[in-house]
Amino acid sequence: MLDNNAKSILKTLLYYDIFNYPLTLDEIANYVSDESILAKSIEELKIQNLLLYNSPYYGLNNMEENVKRRTIANEFAAAIMPKAIKSAKVMAKFPFVQGVCISGSLSKKYFDEKSDVDFFIITKPNRLWLCRTLLMLYKKVFLFNSRKYFCANYFVSEENLEIPDKNIFTAVEIATLLPVHNYELYKQFFNANNWIREYFPNSKEYSTEYIIDGNTLKSKKFTEYLLGSYLGELLDKLAFRVTIFYWKRKFKNFNEQEFDLHLRSRKNVSKHHPQGMQKKVIDLYSNKIADFEKKGIVIS
């Protein structure tokens with residue numbers, strides 16, 4: 001029989017095992033129900049041979065190989081981070097961008113040759129699609145459509161901060177967001193998604209380590225003023241309709257439910273995850289728990 005703390009530890013390690021990513025004690029602490037007895041719970045699980053340790057990491061499989069892989073990827077991520085911050089600074093200067101966070105693998109301090117730098121963007125109300133279109137045009141024209149260091153794939157408006165996909169995948173993504181622009185808005189977003197504590201009771205707001213806030217450009221203020229009228233409303237609606245028309249043609253293989261899950265498109269949200277990572281990861285996680293419980297150890 002395992003207590004809730006031990007179950008939380010094992011479920012967390014099982015989730016990150018999908019990515020062959022062992023965790024430190026401090027990282028595990030973000031996801032357990034009682035941090036005060038974390039060390040004790042870890043020792044009990046080690047005694048029962050339910051987890052493995054390779055200093056300073058804990059995991060479930062292939063520790064030597066996975067620790068080596070993580071070490072290399074962490075070093076690569078540290079080297080890439082200045083480029084990510086530079087991209088975030090550029091994004092923050094665009095009209096109607098209110099908040100910028102680093103998401104995806106880099107937010108977990110992981111980066112390899114296949115990774116992109118992903119961003120989560122919070123916009124002003126009623127200008128999300130215009131804002132997104134301006135950023136995409138910049139990427140296509142000035143970055144030659146390269147998404148390596150400029151992949152903005154999730155937008156919400158500041159009046160719509162709660163994420164509806166309440167599952168472990170989304171909870172991890174929210175818990176690991178690295179705020180770069182507008183820390184106060186990031187905190188509002190974090191609090192609006194307090195439901196993640198159902199999965200990670202001890203989840204905390206991220207620090208201000210990467211915040212780059214400064215004075216707002218006069219050109220940004222002027223453009224927002226110019227497009228804050230009926231003209232901006234028309235352009236936002238046009239950008240929305242053109243994008244949806246393009247996506248519907250490009251992703252014909254998605255049924256209505258799949259389209260909404262992977263490419264959620266509403267006035268106040270734009271989600272562009274056509275690879276369907278959320279469903280894949282949740283399915284793998286469910287299978288890992290089922291396989292683990294075949295040993296007679298109930299953790300769900």
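Higher on the page you've got the structure.
One structure accompanies this document, and this report is about it. Predicted model, so just to flag it, every value in this text is computed and none were measured. (Residues numbered from 1 in each chain as written. Predicted model: local features only at pLDDT ≥ 70, side-chain atom pairs only at ≥ 80, totals over all residues. Heavy atoms only, no water.)

## Some thoughts on the packing of helix 1 (residues 4–17) against helix 3 (residues 38–47)
For any two helices packed against each other, the geometry comes down to the angle between their axes and how far apart the axes lie. At a minimum axis separation of 9 Å, helix 1 and helix 3 run at an interaxial angle of 70°. Between helix 1 and helix 3, the angle falls in the class roughly perpendicular. On the side of helix 1, the interface is formed by Asn-5, Ala-6, Ile-9 and Leu-10, while helix 3 contributes Leu-38, Ser-41, Ile-42 and Leu-45. A per-class count over the contact of helix 1 with helix 3 returns 6 nonpolar, 2 polar and no charged. (Axes fitted to C-alpha atoms, helices over the stretch in contact; angles between N-to-C directions. Helix = DSSP H or I, 4+ residues; strand = E, 2+ residues; numbered from the N terminus. Parallel < 35°, antiparallel > 145°, perpendicular 65-115°, else oblique. Contact = heavy atoms within 4.5 Å. Nonpolar A, V, L, I, M, F, W, Y, C, P; charged D, E, K, R; others polar.)

## Some words on the layout of surface pockets
Estimated volume of the largest pocket: approximately 1100 Å³. Lining the largest pocket we find 37 residues, and of these Gly-104, Ser-105, Asp-118, Glu-173 and Met-277 sit closest to its centre. The biggest single contributor to the lining of the largest pocket is helix 6 (residues 168–175), with 5 residues. For the lining of the largest pocket, the per-class residue count stands at 17 nonpolar, 10 polar and 10 charged. Computed from the structure, the second largest pocket encloses a volume of approximately 540 Å³. Surrounding the second largest pocket, 21 residues form its lining, Arg-132, Met-136, Lys-140, Tyr-246 and Trp-247 being those nearest its centre. For the lining of the second largest pocket, the secondary structure elements donating two or more residues are helix 5 (128–142), strand 6 (151–157) and helix 9 (230–250). Among the residues making up the lining of the second largest pocket, the classes are represented as 10 nonpolar, 6 polar and 5 charged. (1 Å grid on protein atoms, 1.4 Å probe; cavity = no way out; pocket = protein on both sides within 12 Å on 5 of 7 lines; lining within 4 Å. Points joined across faces, edges and corners; volume = space filled by probe spheres on them.)

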